[in-house]
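Commentary on secondary and tertiary structure
Here is how the chains run, residue by residue.
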Amino acid sequence: MAVRVSLISTSTDGKILVWRYADQLRYPIKGHLLNIKKGAESSITGGTSLDKVNQMEDNTYLVGTEGGSIFKCNISQPSDQDISHIFEKSSLRWKQEAISVIANLPVKAMEQVKKRVERYAQDKGDREVSVNTVFDAKPDIKLLFPSPFTANYEKHMGPVTGVNCSPFLKRLFLSCSVDGAVRMYDVLNNRPVAVFEPGYNEYLQSVIWSPFRPTVFVTVSNSGTVYIYDLLLSKQTPSYVLPYT
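Remember, it's a predicted structure, so these values are computed and weren't measured experimentally.

Between two aromatic rings, the relevant description is the distance of the centres plus the angle of the planes. Taken as a whole and judged by the stated rule, the model has nine aromatic pairs. With centroids separated by 4.7 Å and ring planes inclined at 50 degrees, the aromatic side chains of Phe87 and Trp94 adopt a geometry described as tilted. In this structure Phe87 comes out as buried when scored by relative accessible area, which is 5%. The interplanar angle of 75 degrees and the centroid separation of 5.2 Å between the aromatic rings of Tyr153 and Phe173 together place this pair among those described as edge-to-face.

Spatially, E16-E17-E18-E19 is the arrangement adopted by the four strands of the open sheet, whose pairing is antiparallel. At either margin of the open sheet sits one strand with a lone partner, and together these are strand E16 (204-209) and strand E19 (240-242). Looking at each pair of strands side by side, their axes are set apart by 15 degrees on average, direction ignored. As defined by bridge partners, strand E17 (residues 216-221) adjoins strand E18 (residues 226-230) across five bridges and the pair is classed as antiparallel. Looking across to E18, one finds that Val220 is bridged to Val226.

Looking now at the nonpolar core. Ranked by internal contacts, the top residues of the largest apolar core, which has 36 residues, are Trp94, Ile102, Val129 and Val134. For this core, the secondary structure elements donating two or more residues are strand E2 (15-20), strand E7 (60-65), strand E8 (70-74), helix H1 (96-102), helix H2 (107-124) and helix H3 (131-136). The dominant element in this core, judged by the number of residues it contributes, is H2, at five residues. Here Val134 is in contact with Trp94, Ala98, Val101, Ile102, Val117, Val129 and Pro139, once residues within four sequence places are set aside. Membership of the second largest hydrophobic core comes to 13 residues, among which are Met184, Leu204, Val207 and Phe217.

What counts, and at which threshold
Residues numbered from 1 in each chain as written. Predicted model: local features only at pLDDT ≥ 70, side-chain atom pairs only at ≥ 80, totals over all residues. Heavy atoms only, no water. Phe/Tyr/Trp six-rings, centres within 6.5 Å; stacked < 30°, edge-to-face > 60°. Buried < 20%, exposed > 50% of the residue type's maximum accessible area, 1.4 Å probe, protein only. Pairing = 2+ DSSP bridges. Helix = DSSP H or I, 4+ residues; strand = E, 2+ residues; numbered from the N terminus. Axes fitted to C-alpha atoms, helices over the stretch in contact; angles between N-to-C directions. Core = buried A, V, L, I, M, F, W, Y, C linked by side-chain atoms within 4.5 Å. Contact = heavy atoms within 4.5 Å.

Put into structure tokens, the structure is as follows:
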């Protein structure tokens, strides 16, 4: 039976979390860590914006970060596979909701997380493992929430405040940043295919494609000014500017 995911969220804490209606959003059913590796070292970056890549595989998302980077991610959905047999030999009783939290992990990671959680529960004198037990045990976050990155794009000079995929052309997406620029990317290429700078000395707060016209998109600045682009009219300057009044 397919699982209906209700929400995928990101935050400056460096996590992407997957939630679903069936659990009443009480806890994330799965998570990923925005963990950037550089050689032997790694660092966690905060997520600031998120959007699904339209009409491509269901698990592909784009995430903008506070460091200006944009990543393509594979955010696998919760699985309904029954792995309860792995926990049958445990001396503790695992609740099904606790099992589901680590059900999507690779077997090796699952075993390490399971061991950590059970040791924590036994130290407390608990005979049952709940969702709260899993998170309270604080297993290695890099095991519990693996990195989702599959590609990256040329970065902005400031935090990415918005990413939005075209509802018409499945390979195109827009991003905007506090660096004052809107960038248009092809998901298959690292470099932007176009860059737009609508205002002077302004932060851009959001960007979105028109749901009705494939050449139209809108961005808004921190001053409240709305810039409307129609690429049929101009590929450089806004076609309409609505100043804050």
